Each structure stands twice: as C-alpha cells, then as structure tokens.
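Structural overview
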Amino acid sequence: MTRNAQQSNRLTQGGRIDRSRPLSFTFNGQTYQGHAGDTLASALLANGVDVVNRSFKYSLPRGIVAAGAEEPNAVVQLGASEASQVPNVRATQQALYEGLVARSTNGWPSVQRDLMGVVGKLGGKLMPPGFYYKTFMAPASLWMTYEKYIRKSAGLGRSSTESDPDIYDHQHRHCDVLVIGAGPAGLVAALAASRSGARVILCDEQEEPGGSLLASRELVDDEPAEKWLSAVMAELSELANVTVLPRTTANGYHDHNFVTLHERRTDHLGGTAPRVDGLRQSRGRMHHVRAGRVILATGAHERPLVYAANDVPGNLLAGAVSTYIRRYGVMPGQKLVLSTSNDHAYRAALDWAEQGKGAGREVVAIVDARANPQGDLVAQVRRLGIRVITGSAVIEAKGTNRVTAARVAKIDLEGFRVTGPVEELSCDTIASSGGYSPVIHLASHTGARPNWNDRILGFVPSLVKGVSAAGGASGTYPLPEVLAEGREAGLQAASSCGFEAANIELPQVDALSEGEACALYQVPHEKTALRAPKQFVDLQNDVTAAGIEIATREGFESIEHVKRYTAMGFGTDQGKLGNINGMAIAARCLKRTIPEVGTTVFRPNYTPVTFGAIAGRHCKALFDPERYTALHHWHVERGAEFEVVGQWMRPWYYPLQRSGGGERESMSEAVARECRAVREKVGILDATTLGKIDIQGADAREFLARIYTNKWEKLAVGKCRYGLMCKDDGMVTDDGVTACLAENHFVMTTTTGGAAAILEWLELWHQTEWPELDVSFTSVTDHWATMTITGPESRRLLAEICDIDLDRDSFKFMDWREGRVADVPARVFRISFTGELTYEINVQAHFAMHVWKTLFSHGEKYGLTPYGTETMHVLRAEKGFIIVGQDTDGSVTPEDLGMQWCVGYDKPFPWIGKRALTRSDTRRENRKQLVGLKPKDPAVVLQEGAQIVFDPKAPIPMPMVGHVTSSYYSPILEAGFALAVVKGGQKRMGETVYLPMADGTTHEAEIVGPIFVDPKGERQNV
Amino acid sequence: MFLIYCPYCEELREEPEFHAKGQAHIARPQDPEACSDEEWGDYLFFRDNPRGIHHELWVHAIGCRKFFNITRNTVSYEILETYKMGEQPTITAESLSRDDKTADGVQVADGGQQTVGASDSAVNFVRGAKV
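A few words on the overall build of chain A. Along chain A, the regular secondary structure elements total 24 helices and 50 strands. When the backbone C-alpha atoms are referred to their principal axes, chain A occupies close to 115 × 70 × 65 Å. Taking all contacts inside chain A whose residues are at least 6 apart in sequence as the whole, residues at least 24 apart take part in 68%.

This brings us to the overall build of chain B. Summing up its helical and strand segments, chain B has three helices and six strands in all. Its helices and strands taken in sequence order, chain B reads β-β-β-α-β-β-β-α-α from the N to the C terminus. Taken over 131 residues, chain B has a buried fraction of 29%. Of the contacts made within chain B by residues no fewer than 6 positions apart, 56% connect residues no fewer than 24 positions apart.

Residue and element names in this part refer to chain A. The sheet built from five strands is open, its strands ordered S36-S37-S38-S35-S39 with antiparallel pairing. Since the sheet does not close on itself, it has two edges, and those belong to strand S36 (720-726) and strand S39 (776-779), each with one partner. Strand-to-strand twist across the sheet, computed as the mean angle between neighbouring axes with direction ignored, equals 30°. Where S36 lies against strand S37 (residues 732-742), seven bridges are found, and the strand directions are antiparallel. Note on S37: the bridge partner recorded for methionine 725 is aspartate 734.

Residue and element names in this part refer to chain A. Taken together, five strands build an open sheet; the order of strands is S2-S1-S7-S5-S6 and the sheet is mixed. Strands with a single pairing partner mark the edges of an open sheet, and in this sheet they are strand S2 (30-36) and strand S6 (86-90). Ignoring which end each strand starts from, the neighbouring axes of this sheet average 40° apart. Here strand S5 (residues 75-78) runs beside strand S7 (residues 100-104); their pairing, made up of three bridges, is antiparallel. By the bridge assignment for S7, leucine 78 is matched with alanine 102.

Moving on to the domain arrangement of chain A. All names here are of chain A. When its domains are assigned, chain A resolves into domain 1 (18-113), domain 2 (167-273 + 280-300 + 439-496), domain 3 (304-434), domain 4 (527-605), domain 5 (685-875) and domain 6 (925-1022). A separation of 28 Å is found between the C-alpha centroids of domain 1 and domain 4. Tallying the contact residues gives 13 residues for domain 1 and nine residues for domain 4. Looking at the side of domain 1 that touches domain 4 residue by residue, the classes come out as seven nonpolar, three polar and three charged.

As a further point, take the interface of chain A and chain B. Counting residues at the interface gives 29 residues for chain A, matched by 25 residues for chain B. For the side of chain A that touches chain B, the element with the most residues is helix H20 (residues 755-768) of chain A, which contributes five residues. Partitioned by chemical class, the residues of the side of chain A that touches chain B number seven nonpolar, ten polar and twelve charged.

What follows deals with the confidence of the model for chain B. Residue and element names in this part refer to chain B. In the predicted model, chain B carries a mean pLDDT of 80, and 75% of its residues have values of at least 70. Contacts from residues 101-131, a stretch scored under 50 in pLDDT, to residues over four places away or in other chains number 62 contacts. Confidence metrics for the complex model read pTM 0.89 and ipTM 0.88.

Residues and elements named next belong to chain A. The contact between helix H12 (residues 545-553) and helix H13 (residues 559-566) brings their axes to 10 Å, and the two run at 120°. Compared by their axis directions, H12 and H13 come out oblique. The handedness of the crossing between H12 and H13 comes out as right-handed. In contact with Gly547, Ile548, Ala551 and Thr552 of H12, H13 contributes Val562, Tyr565 and Thr566. The class makeup of the residues in the contact of H12 with H13 is four nonpolar, three polar and no charged.

Residue and element names in this part refer to chain A. Side-chain alternation along strand S34 (residues 683-686) places Gly683 and Leu685 on one buried face and Ile684 and Asp686 on a second face that is also buried. Of the strand pairs in this sheet, S34 and strand S40 (residues 784-790) are connected by four bridges, and their pairing is antiparallel. Within S40, the position partnered with isoleucine 684 by the bridge is isoleucine 789. Taken together, the two bridges between S34 and strand S44 (residues 865-866) define a ladder with parallel strand orientation. Among the inter-strand pairings, isoleucine 684 is bridged to a residue of S44, identified as proline 866.

In terms of strand pairing, strand S8 (residues 167-180) of chain A meets strand S15 (residues 282-296) of chain A through 13 bridges, oriented parallel. In the strand pairing of S15 of chain A, glutamine 171 of chain A is matched with histidine 287 of chain A.

So, on to the nonpolar core. Side chains of nonpolar character tend, in soluble globular proteins, to be buried together. Residue and element names in this part refer to chain A. By size, the foremost hydrophobic cluster in this structure holds 108 residues, and its most contacted members are Leu338 and Ala349. In contact with alanine 349, other than residues within four places in its own chain, are Leu336, Leu338, Val363, Ile366, Val381 and Ile386. Counting 97 residues, the second-largest nonpolar core is a separate cluster that includes Ala630, Val678, Leu690 and Leu797.

Quick look at unusual backbone geometry now. Omega for the peptide link from proline 604 of chain A to asparagine 605 of chain A comes to 5°, which places this bond in the cis form. Tracing the sequence through the fold places asparagine 605 of chain A in the loop between helix H15 (594-597) and helix H16 (611-615). The step from isoleucine 956 of chain A to proline 957 of chain A runs through a cis peptide bond, and the omega angle for that step is 0°. The topology assignment puts proline 957 of chain A in the loop between strand S46 (947-948) and strand S47 (962-970). Positive phi is not limited to glycine here, since arginine 65 of chain B has a value of about 65°. Tracing the backbone through its elements, the reader meets arginine 65 of chain B in the loop between strand S4 (53-59) and strand S5 (67-73). Take arginine 65 of chain B: there are 15 C-beta atoms within 10 Å of it, and that puts it in the partly exposed class.

Within the secondary structure layout, alanine 799 of chain A lies in helix H21 (residues 794-800). Distance in space between the C-alpha atoms of alanine 799 of chain A and valine 821 of chain A is 9.1 Å, their sequence separation being 22 residues.

With that settled, consider the packing of helix H18 (residues 667-680) of chain A against helix H23 (residues 869-878) of chain A. Residues and elements named next belong to chain A. The contact between H18 and H23 brings their axes to 9 Å, and the two run at 55°. One finds that H18 runs oblique with respect to H23. The chirality of how H18 crosses H23 is right-handed. Listed contacts from H23 to Met667, Val671, Glu674, Cys675 and Val678 of H18 are Glu870, Thr871, Val874 and Leu875.

Residue and element names in this part refer to chain A. Here arginine 16 lies in the segment before strand S1 (18-27). A C-alpha to C-alpha distance of 72 Å links arginine 16 and glutamate 669, two positions 653 residues apart in sequence. Contact partners of arginine 16, with chain neighbours within four places excluded, come to Gly37, Leu214 and Arg327.

Cut-offs applied
- Residues numbered from 1 in each chain as written.
- Chains lettered and ligands numbered in written order.
- Predicted model: local features only at pLDDT ≥ 70, side-chain atom pairs only at ≥ 80, totals over all residues.
- Helix = DSSP H or I, 4+ residues; strand = E, 2+ residues; numbered from the N terminus.
- Contact = placed C-beta atoms within 7 Å.
- Buried ≥ 20, exposed ≤ 12 C-beta atoms within 10 Å, placed from the backbone.
- Pairing = 2+ DSSP bridges.
- Axes fitted to C-alpha atoms, helices over the stretch in contact; angles between N-to-C directions.
- Domains from an automatic or database assignment.
- Nonpolar A, V, L, I, M, F, W, Y, C, P; charged D, E, K, R; others polar.
- pLDDT = per-residue confidence, 0-100.
- Parallel < 35°, antiparallel > 145°, perpendicular 65-115°, else oblique.
- Left-handed = near helix turned anticlockwise from the far one by under 90°.
- Core = buried A, V, L, I, M, F, W, Y, C linked by C-beta atoms within 7 Å.

See the structure below:
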C-alpha cells in the first residue's frame, strides 16, 4: 500500500531524526513513511508532498511555509477514528507517530482537484476585501441562507461527533521564575535563576528543547550547539528546584503574573493517550502558574517577503529551509532561489549548498535587496561561488502546484518600484526573509502596547512589571548577545525574588559580523498591486497587499479597522507571519510610518488549545458539584426523579410502579397522586435544601427589622414570621420564615438557590453600614435536615413519635417548639407552604434518616406519601404563594405582589427598600401586578413565560401587558391555573386577557385572585 | 486572574476566593426619606467608572467572609493597596497626581504603557501596612 516510500527529499544523513525507526502515516488517504523525530510537516516535505491545503477564500493550492507555530497553511484535521478527531493542528507542530492519520482542513473533493478553486479563480477579482459585508449583508433576512453556504465552502476543521475517549487535567503551580521558551536565552535564564536558588519552571512548546540551537550553524565552545544543549538540559533535569515542561505552550499571560501553560502529554505518542499499567493517562494538562517573575524567551518569527504569487507551494521562509535541512534531514526542493533583506537568511543558502552538494541540488541565486551586502555570511556564500544578485528581489513566483521559476528584478526601495529588466530564474523553491519579528504575543496579552524598533525593524514588547524578555523575544539575534541577555534576565529575576545572583559563565561563541538589514516588506512589481498576481500578506485568511491598499483607499485608516475589513490576522494563526507586513503596507499606503500606524492586539490563546485541556476534569459527573441531602439515598431507592436546584439534587416527583409490572407512572400522574395525598391525607417533603442562617447577637432583632420589610420587634420566643426582603431599589429579592429561638437568637430560612447570596447580603449590610450592631451570621443549611409533613393527618402522625404537645391551641400556626421526635432532639415549626396543617421537623442532619424512616413506619396507616418539588410547586401556587425568582424578576415590589400586609411603613428605621417604594415609578398606577389566571378552557395549562395582551385583534406588534409566571394543572381544581403579572392587574379582576401562542392559537383566561384553594386560609389553622 | 491580599487574613489569595462588589465608600444616606427621587436614584444606580485609580469593595467570600477595599488601577489592573472597612485609602488619584507620576512604581493611566501585576512596591506597601 506504500506507494511513496522513498522519501525523495530525505537526506541520507544529518538531522535529529532516528533513521532506524521508520513510521508510516496517512495524509489525505495516502500512506507515507517518515522517521521518529519528524513532524508531520517534515515528513510530508520528505515525501515531496507539495500541496497540503486549499486556501480559505480563493481555494488556491498551498504548501508548507514555516517550521513552527507560525505556520499558516499546513493546518490539518487529525485523527484515525471519529472519537479522536482534532481540528486545527499545525503539521509543523505535530510529532509524527506510527499510524498517524491526517487530512487537509480545506479542499473538496481533494486538495489536488478542488471545485472551489474554479470559483476562486473565476471569482477572485470579484471578491474584494469586505466582500462578505458588501455582498451578503442585504437583505438581512437572507444572511442565514448565505451563511450556510459560506460556511460549507470555507472549511474550518470539525470537532468529533463522538465522546472524547481521553482525559485531561489541570494543575496549579507556583514558582519564583517562569521561563517561557527553552531556546538559548531561556536555557541560560533558567540556569542562572535556578543556580541562584529560585524555583524555576521552564516550558517549551516544541518536541524538544533547544529552539534555534536545534538547527544552528554556530559553534558553542567549539562544538556543535547540540552538545552544549544536552549538557544544559542534563543539569536542569538534575536540579530539584527546576521543573522542565516540554511540549508545553504558554498560551495565555493573564493578570498578576498568572500564566496558563498547555502541556500536550501524549499527542506525540498516538491519536489517543496510551494506557500505562492499564491506567488512562491524561492526554493534555493545563498548568495554572502563578509566577513571581516571568521571562519571555519566546524567540522571533521570520517575516516572509510579500511578492506576487508568493503563496504557490515551494515558497518557504528562509529559516524554515534551514530547519528542515539541519533538524529533520529534509531538503524541500532541488533548486533554490533566496530572496532576502538581511544577512541572517544567508544561512539557508549555505545549508542548501552544503547539504545538497552531490545530490543534484543547487542554489540558483541569492537575490538581496541591498545594494552592497557585506558580512561574514555573505563572504562565505561568495566563497562557495553562489551567485548573489544585489539591489534586487524576487518580484513574482511562477507555477501553480509548485514553484517553477522566480522572476527577479532590480527594485527601488524608496520609490517602491521595479527599476530594471526582469530575469526569470528556473527553480522549484523560493526562500524569502524580510527579517524577524519578536514573538510579542504573550507580552501583548497583558495589555502592553509594543514599541517599534528601527534597528531591528520590528516591534519589541513593552514590558509590564514582573516580566522581562530575553533573546529574540526582545529583538536580540546574535547568539553571544542572546546568551548574555538570558543570563542577565535569569539573574535579575532571581534577585528580585530575593535570591543572591549566582555566578554563571557563558559558553564561548564566535560573534559573526552581520551587515545592516534593509526595510523590505511588500516587493514592488512591474504592475500595480491591484493588477499584479496576488501578493499574499495573510496566507491563512487570503488577505492580499491589494486588499489592504483598497481598505486604506476606502477610508479604513486605523489598523484595527483594516484588520476587521480585510480579516487580516483573524485566522487560527493570529497573523503570526503576516501582521507586520500588513501594517507596513498600510503605512506605505497611508504615507505614515509603521509605529504611527501601530499594531493590532494579540489575545490568548497563542496557539489553539483543545477544549479537553480547557475543561480538564470538569466534565461529566465532575462538571459541577452536586449537593445531596442526608436523605438522598432513600429518594434514590424510592425511584425519585431529581431536579437540580442550585447545586442541590432535589426529588422532583416519585413515580410509582404500576401494579402488574407495567410502566411507571408519568410525571402528571405521580404529581396528581402526590397532590391529593397532601390535600386529603398527609405528604412528606425533604425540605433540607432551604437555606438556613443562624443569627445571634443583642441587635439581631434590630438587624432583622432593617433587612426585612415587615416588623420584628414584637416577635416572641417560640414564634415564627414570614419575611420579605427587598434590595434598596425596593424590589423583592428573597423571602422566607424566620423563627425567634431566644431573645437574641433567630434562625432565618432563605430560598434554596439564594442561601449563599443572602448570607453575603446580610454580611454586606452588617460589615459596611451597621458595624455597630451586635449580630453575627452562620450558615446552618447543612447542619439541619428539614422534613415537612403536611396534610390533615399530619398532627396524628406526628403525635405518635413526638413528645411535644401538639394541641391546636397550645401549638398554634406560626409557632415553633423544641422537643424530641423519634427520640432525637428536634425543632418543629408549624408553618405551611401548602396551605394544609403542616409541621416542619428539623433535626441534626445525621439523625435525618432515622426520623424519616420512623415517620414512614408510623405513616402507612395515614397514607403518608413522599412528594417532590413539582407537587410542592402546584400546592403552593394553588395557595398563591410566590417563588422569588419565578414569580418575581427583580422588577417587582411587595405591593406589586399584593403583599402590603408584609410592609411596615411605620417602622422607625428606614429599612432596606423603603425609600424606593415611594419613588414616582414604584408608586405608578398600572405597574405589573401579581394575579391569578383561570383559563377559559379548564383543559388548558398556559405556558410559563407566555405573553399576555388585552386585545388579540390589535395590530402586530401587539402591546404586551404581562406574562405568565407559574402555571400548572391542579388535580384538586381539575383545571389548569396560573399566576401571572399583568399591568394594573389587581384592579382588573374578572376581566378577560388573551395569550397568543407561537403556533397561531390564542388562549383566553380570566383574571382572578392569586389564591385558588382555601382562600380564607382555614386549613392550615386547624 | 488577580492575586489579592486580604487585609484580614493577611495573605495573598487567588481571585476565585473573592467577589467584587462594586465601588467602595458609597455610604447609604442617613435619612433616605429626605432624599429627592433623583438623589436616591444617584445613590442606588450611579457609579464612577474612572480610567486609572479606583477604589472598590470586595469580599473574601470563600475565605474569612470579610468585606474590604481595594485601590486598583483600572488600566493596568494593578492592585495598589487593600485596606479594611472603615479605613481610608492612602493612594488616590489626587495623591498620585500631586506626586511624581511614577513614584512608588505606580504608573497612572495616561494612554501609554500599561502595567499589570502587583509591583514590588504595591506588594511591599501592603505588607508594610500590616507590620
């Protein structure tokens, strides 16, 4: 099956690959061979695969350009199985493993023959920048239709449709010094800081540390750089205060030196994490690092030159050519033309000439934009007899699926024009270099705007406190200076963390003399940018020099606007290659300097991060904590269905098995049965989840009077009272019953979901406004289990197992008593949320199961029936009892609820919410007020949230006058019923309102009072 | 994610332990009934949104549950000091504009370079205030 095993571009020797370990892999359905140590990109180049993708907008064939994170084209979909699909992987960063399966992200039916390419070629001239905005935005109603087709033709990779078989995790870490990047600067910095005694984390995104040293021509201590690298890594791995994290990308630099590191732990081993001793390994890990000092040793990205047809496969970065030759033993072509503005790129030609000798590979020419390049590397090249064409540049590449020639001409840098005749050089590879751009992305995450440096022709990071940059990241490129800067950064970081700087000797590296680079970004062509073949700036998003020119001509002068109009830098590569070129072109068009035009802002993440790593272990059962009451196990055994309230798992209803082994009851059947049990016999609810706050202190009573709307000064020990809580804007925020346990001791109940927020609310007022009050608060929600028995038989049931006098005259409604229930200490509250005779039994949580089971052992003869939250809702709504947050929404006052009886306007202290209740708006007539709604058709259960209108014949948009807040079917009334808010509703009793539904039907309902069952409240007082 | 020094716990702790509660030093009017609707509305709803030095109320929600104040640069997100309820800030926009703009390592927002992270001086200041 191996049709192309010869690896035609593989050198017979050299590189850091292991030729004794061949690996086979599949790309776009074809099987190839590579070696251990290859990336997917180097293996593809070794096999002579030119076209790896189709471009995003024009669908042009694209090849590999770079060798690292900046790669814009070779973005692949990875995964042998559906479950292991990973989109957005840069082939240049993906280690090769046996059996790797990858596909191009774009291109259908194949990258070689692409249907969209025809559209792109024909439509290229018809697709100017802003094309989508201009063409598809009107009429707005059709956008959805356009979008579907645009998305389909613009491949962006896809996520798996199956569950991820792998696990991921997070780790929190602290260190004195975090060094990002293990190139020469980072290595020396880590060494300097760690030898000084600092705790150091050193991370590097590549398969192996070393950075530029892995492909360096420089000798370190008269030996190949790799040797020094191994010695340093050996020392660092020995040091106990150093953590080295390979394959780890610092993807975000956040506030206060908080850096997230994304470690790919097993991506180099296979499509899913291999098991070790039968155990699953975490595939990816997110390190949350809080660092004392951060050293950015992130290096620099080479800038390609922008010339016509610079996107044809075979156009590479000069530095990438060197990397593929020296690190991977891959020669990405036969005949090289190098176009450069600087000395540094000459390395590519030297590597090509030295390694390609005898293999029929040659350097056709070096085209240097400078008139008179000088420097050691230039001299070396000339000694090898390589032709150097000065004052010129490659102005255009020829070829379709691979470069076939380079058109070279003399250019005038100042005048931005071609000045001499064009020479066409036959070649299959064009390497270009316009210099280097420091990798400022992480510094940019902190909000710091970078500064333009004219000497290096690039932006250097402006640094916030606690961070420094060294080496390429700060625009320093000669190796001796890089090493010195790394040492300085490491020692300074350590000493600012309080360590004494150690003595570090740097290795001996010969300094090369390099000539000055010239500023060249876009290369002029004989034709104007608009007429010349496309000169690509952002290869991933198909942004051209002409596109930027048009954008500036159309008035987009801010670089941020140019970016949005052209989509430059919007790809998954965030414009790592193209942005500076784009800014330079905008600057030229606007006749400004690059620093005047400025740069766009880079944001996290530096490279794409998988959702698995972001989620870590916070998925499935661990997605969110679940809270269980002490009775949870009983509910599970009883077959309860649960609903999540806050984080609590509450029984929703308890469906019974039908006799004869049939299906279980439906929800409506179970709820009807539970409702009848409560109204006719006795039901029991696990109400433990209601928030309980213990309030103590000499001023506890005064505090309650200030925080609640109603009065508390006369509440006697042994009594309970319902309270309503407003914010200072007068809107209801919580309610609940508070009991007076002793003169200076109360227990407050809150809604289940509001418990934590209300505790914080009480603390806020006590600590910030009334610290003079002697009062303190403690959450006791989990300490007490609450069991509500309710219904006409509840007294007789409780009397069997309780030593409290339950006589109706000695233990009245809204009293509480202390005593023993089922032989354990208990607080029993006679309060009711159902309107029936009710006892809320509170016992210490660890006694709960005992008491609950004792109740059931005595309860059968009374028909004791457990009920869940759904029945609780039906029963409370029948009584018109509100649920804060369901029947209220932050714009409802106590009076809107018809609860004036719960407002103590004459209390002495201006309690929270009081002033706002006399604002003009809260006094306004016609506010939305709580009412009951009785559907004209008793079989109708109105939809919660349904909008209410007075006139169903009103023209659309109809004036909406309220909405349904709670709606249920009542088995007692044998009819649907609802609570709603309606404008001026309290004065509209008996009127008919209409509820137009989405399906075109309209329901009719009568406005009634909110209490549907036992309006006089007699049943709870028996 | 901020690193916040709780003046009660006297430790630097991670932001998820805290809740931000808005602008600090907003006293509830002593006699709300004497306020006009407009004055009451201002108290309820209107807050400063300065570019630069801001004093904020925070609570160590998953810690000591104490409310306290933070002086923070809203441009750089640098926390310049934290102080207990009832105390007044020692760093204010006025005090910084009086002094050298970069004194004490504090950069005032001027649209230029921005800072992030607790500077040595800010941390030392807070630590110094403790001892």
